[in-house]
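Fold and contact review
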Amino acid sequence: MNKDSALVVFSGGQDSTTCLFWAKRKFKKVYALSFRYSQKHEREVDLARAIAGKADVDFGVMDVPLIGQLGHNALTDSSVPMDERIPDGAVCPNTFVPGRNLFFLSMSAVYARERGVNHLVTGVSQTDFSGYPDCRDSFIKSLNVTLNLAMDEQFVIHTPLMWLDKAETWALADELGVLDLVRHETLTCYNGIPGDGCGHCPACRLRREGLEKYLLTKDEKLRMKNYE
């Protein structure tokens, strides 16, 4: 296995794009893998391909519609109205796609193994995880062990954003020199609108609040520096 290469689970959203450029800084060779899983906003795959081209990384797409057909949720079923927040008594919002990260990372591991890659990178975060259980650190650690046992390999799953909130994720994108690209060319919106998105879905609100917090902090630091 090649220790100098990594595969990024890549949706073309804010988090995975930040991770893509993080991986480019850490590894000599980077692959990006996207999925079509019957999501309503499949435009994200086209944007992911374009971003991967700008990043000069190998890009692949897997068609896995079964993921979207296994359950009813607001991201794959047009008949399900989107939760604006976690309903009282619910464990997570109905934008949660059951098994998505489990399938994505498992298939990515097989894809990576065929290319001699043992480093996997994903943009999940327990700090801003929206109630999704498959974004938790305990799940990632457990799956990492399972993948190694299942394929007798030594995969390492990297989660650069695990303990970062959205403001800190924006800060990392800025440090990597891709803040403008992430802001204007990625797709995070649950309604499929690139850039700043629709502005009112849960993903857009979380993204905007993080950006506003980061830009305010950045401006304050700049003023303090100029004052000194």
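In what follows, the structure referred to is the one given above.
Residues numbered from 1 in each chain as written. Predicted model: local features only at pLDDT ≥ 70, side-chain atom pairs only at ≥ 80, totals over all residues. Heavy atoms only, no water.

1. Comments concerning the packing of helix H4 (residues 100-113) against helix H5 (residues 137-151)
Two elements in contact, H4 and H5, have axes separated by 11 Å at closest approach and are oriented at 40°. Accordingly, the angle class assigned to the pair H4 and H5 is oblique. Between H4 and H5 lies a crossing whose hand is right-handed. Packed against H4, whose contacting residues are Asn-101, Leu-102, Leu-105, Ser-106, Ala-109, Val-110 and Arg-113, the element H5 presents Phe-139, Ile-140, Leu-143, Leu-147 and Met-151 at the interface. Residues belonging to the contact of H4 with H5 are distributed by class as follows: nine nonpolar, two polar and one charged. (Axes fitted to C-alpha atoms, helices over the stretch in contact; angles between N-to-C directions. Helix = DSSP H or I, 4+ residues; strand = E, 2+ residues; numbered from the N terminus. Parallel < 35°, antiparallel > 145°, perpendicular 65-115°, else oblique. Left-handed = near helix turned anticlockwise from the far one by under 90°. Contact = heavy atoms within 4.5 Å. Nonpolar A, V, L, I, M, F, W, Y, C, P; charged D, E, K, R; others polar.)

2. Notes on the side chain of Thr-169
Its place among the elements puts Thr-169 in helix H6 (residues 166-175). By relative accessible area, Thr-169 is classed as buried at 2%. Those residues in contact with Thr-169, other than ones at most four positions away along the chain, are Gln-14, Asp-15, Thr-18, Leu-161 and Leu-164. (Buried < 20%, exposed > 50% of the residue type's maximum accessible area, 1.4 Å probe, protein only.)

3. Notes on the nonpolar core
Ranked by internal contacts, the top residues of the largest apolar core, which has 38 residues, are Leu-7, Tyr-37, Leu-120 and Leu-147. Beyond its immediate stretch of four places on either side in the chain, Leu-120 contacts Leu-7, Leu-105, Ser-108, Ala-109, Ala-112, Leu-147, Phe-155, Val-156, Ile-157 and His-158. One finds Phe-10, Phe-21, Leu-172 and Leu-179 within the second-largest nonpolar core, a separate group that totals 29 residues. (Core = buried A, V, L, I, M, F, W, Y, C linked by side-chain atoms within 4.5 Å.)

4. Overview of the pattern of salt bridges
Counted under the stated rule, the structure contains 13 salt bridges. For the salt bridge of Lys-166 with Asp-15, the shortest nitrogen-to-oxygen distance reads 3.2 Å. Here Lys-166 is found in helix H6, whereas its partner Asp-15 is found in helix H1 (residues 14-26), with 151 residues between them in sequence. For Glu-153, the salt bridge identified is with Arg-113, shortest N-O distance 3.0 Å. Here the residue Glu-153 occupies a position in the loop between H5 and strand E5 (156-158), and Arg-113 occupies one in helix H4, the gap between them amounting to 40 residues. (Salt bridge = Lys/Arg side-chain N within 4 Å of Asp/Glu carboxyl O.)

5. A few points about the pairing of strand E4 (residues 117-121)
Within E4, five of the five residues are buried, leaving the element largely enclosed by the surrounding structure. With three bridges joining them, E4 and E5 adopt parallel strand pairing. Across the sheet, the residue bridging to Leu-120 is Ile-157, located in E5. (Pairing = 2+ DSSP bridges.)

6. What about H4?
Over its 14 residues, H4 runs 20 Å from end to end, which matches the ideal 20 Å to within 8%, given 1.5 Å per residue. Arg-100, Asn-101, Phe-104, Leu-105, Ser-108, Ala-109, Tyr-111 and Ala-112 are the residues of H4 that are buried. Take H4 and look down its axis: the buried residues cluster within an arc of 165°, on one side only. (Expected span 1.5 Å × (residues − 1). Arc of directions from axis to C-beta.)

7. Notes on empty space enclosed by the protein
Unoccupied space between atoms shows up once a probe the size of one water molecule is rolled over them. The tally for this structure, following the rule as stated, stands at one cavity of 30 Å³ or more. Computed from the structure, the largest cavity encloses a volume of approximately 700 Å³. Taken together, 34 residues line the largest cavity, and the ones lying closest to its centre are Ser-11, Asp-15, Arg-100, Gly-123 and Tyr-132. Those elements that place two or more of their residues in the lining of the largest cavity are H1, strand E2 (29-36), H4 and helix H8 (202-227). For the lining of the largest cavity, a count of residues per class yields 16 nonpolar, 12 polar and six charged. (1 Å grid on protein atoms, 1.4 Å probe; cavity = no way out; pocket = protein on both sides within 12 Å on 5 of 7 lines; lining within 4 Å. Points joined across faces, edges and corners; volume = space filled by probe spheres on them.)

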